[in-house]
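Results of the structural survey
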Amino acid sequence: MKRKTTLILGMLLGLMAVTAEAQCVQGIRPGQEWPDRKGEHINAHGGGLMFEDGKYYWYGENRPERGFTTEVGVEVYSSTDLVNWTDEGVALAVSEEAGSPIERGCIMERPKVIHNPRTGKYIMLFHLELKGKGYAAARVGFAESDSPVGPFRFIRSLRPNAGKWPVGFSRRDIRRAAKLKEADYKEWWTPAWRKAVTEGLLLARDVPGGQMSRDMTVYVDEDGKAYHIFSAEENLTLNLAELTDDYLDYTGRFVRIAPGGQNEAPTLFKRNGVYWMITSGCTGWAPNEARMFRAKSLWGPWEQLPSPFEGKDAEKSFHTQGTYIFKINGTEDGFVFMADRWNPASLKNSRHVWLPILFREDGTPVIRWVDEWHPQGE
């Protein structure tokens, strides 16, 4: 009798395992728990998407139940329909080596992966903070892999464009910025301090060692050129920096966007020859009103427009912060805004909010809330 009971129990457990493995989600429900095929909430925050050979790959921060340092690394999931996701494991793991830039206990945020057609490598960029240093390091990390699911090999971390000045900065601008000293502006947020920031106070400070790099995204243009967009100058200014052909370094060409404007969480896409960028303000884990910019060239000028969010709680961006914008494969205008609804008490359980981007008659993007939707593409 005991053997028969054990056998039945084993069959039931096996059936439960198969059911869990085959769990199917019918549509995208923004702000709700999003189970993977094993029934566990997807742990890929601050993430990005890549489409390759018929599959989507979702890379994001594997966040802990408690705390905010990185204890595992970057997780990767795969899907063919953008709704049901398989956990492919850790794409880039933290290091157990003491003193490694990606030592367990560091902070790895906003990973983005792009495929380089020339080298065949998959390149990951991410915001990196060193263990025990809080957010002082403000670096970008580079890693590469032969496979979209990894394992990725950490290459190095740095601050971008050391020794370089931005595109459009004249010799006169450089001389003026070089004369600005932080010691002369001990009080922040004054009109004089804001003017100094705009003119390059913090830019000049960081030229020797490279610009700070925090919240970030990566964008590949139609010509294959790749760009790293990131918060610099104490999160006061955005930088858009051109990457080398192998996507593993910088060409030295970069531009400042909205100097002194306090933007982070940049997301970028292009439609009908116009580049659109949606960002957030800087209020920690708390949501705020999104900002939107447009330009006909990545090198600017960038024009700021009102928030694209429309409807109830639009002033809080539906209680989200953007992380990436992608286009559904096989569609003409199927752009999707990826965002996080942060839960600082348990970052692992932060919710994902994916919403379709709509367009007004003049081409301006609009983001409206929907309780549930299903992406239509190939």
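Below or above, wherever it landed, is the structure these notes cover. Nothing here was measured: the structure is a model prediction, and the numbers come from that model.

Thresholds applied
Residues numbered from 1 in each chain as written. Predicted model: local features only at pLDDT ≥ 70, side-chain atom pairs only at ≥ 80, totals over all residues. Heavy atoms only, no water. Helix = DSSP H or I, 4+ residues; strand = E, 2+ residues; numbered from the N terminus. Rg over C-alpha atoms; globule rule 2.2 N^0.38 Å. Buried < 20%, exposed > 50% of the residue type's maximum accessible area, 1.4 Å probe, protein only. Contact = heavy atoms within 4.5 Å. Areas by Shrake-Rupley, 256 points an atom, 1.4 Å probe, with all protein chains shown as cover. Core = buried A, V, L, I, M, F, W, Y, C linked by side-chain atoms within 4.5 Å. Pairing = 2+ DSSP bridges. Axes fitted to C-alpha atoms, helices over the stretch in contact; angles between N-to-C directions. Arc of directions from axis to C-beta.

Of regular secondary structure, the protein possesses 4 helices and 21 strands. Here the C-alpha radius of gyration of the protein, 22 Å, is about what a compact globule of 378 residues would show, namely 21 Å. Overall size of the protein, expressed as C-alpha extent along the three principal axes, is 90 × 55 × 45 Å. Relative to its 378 residues, the protein shows a buried fraction of 52%. Put simply, of all contacts in the protein between residues at least 6 apart along the chain, 51% involve residues at least 24 apart. Counting every atom, the protein has about 17300 Å² of accessible surface; 51% of that belongs to carbon and sulfur.

Grouped together as the largest cluster of nonpolar side chains are 21 residues, with contacts concentrated most on I114, I123, L125, V140, F142, L243 and Y250. If one sorts the elements of this core by residue count, strand β10 (residues 226-232) sits on top with 3 residues. When sequence neighbours within four positions are dropped, the list of residues in contact with V140 reads L125, F126, R156, S157, L158, P160, S213, H228 and Y250.

With that out of the way, let us pick up the sheet that holds strand β6 (residues 122-129). Here 4 strands make up an open sheet; going across it, the order is β5-β6-β7-β8 and the pairing antiparallel. Looking at strand neighbours, the two that pair on one side only are β5 (107-115) and β8 (153-158), the edges of this open sheet. Neighbour-to-neighbour, the strand axes of this sheet turn through a mean angle of 20 degrees, independent of strand direction. Bridging between β5 and β6 involves 7 bridges; their strand directions are antiparallel. Each bridged residue has a counterpart across the sheet, and for I114 the counterpart in β6 is I123.

Our focus in this paragraph is helix α3 (residues 191-199). Among the residues of α3, those classed as buried are W193, A196, V197 and E199. Each buried residue of α3 lies within a common arc of 165 degrees when the element is viewed along its axis, so the set occupies one face. Residues P191 and K195 are exposed on α3 and point more than 90 degrees away from its buried face. Looking at the buried side of α3, the elements it contacts are α2 (171-178), α4 (201-206) and β12 (250-257). Positive phi appears at G200, one or two residues downstream of α3, with a value of about 115 degrees.

A few words on unusual backbone geometry. Residue P151 is bonded to the preceding G150 through a cis peptide linkage, with omega at 10 degrees. For P151, the location among the structural elements is in the loop between β7 (139-145) and β8. Residue P301 is bonded to the preceding G300 through a cis peptide linkage, with omega at 5 degrees. Its place among the elements puts P301 in the loop between β15 (291-295) and β16 (303-305). Of note, N161 is a non-glycine position whose phi angle comes to about 60 degrees, a positive value. Mapped onto the fold, N161 is located in the loop between β8 and α2. Overall, the relative accessible area of 6% leaves N161 in the buried class.

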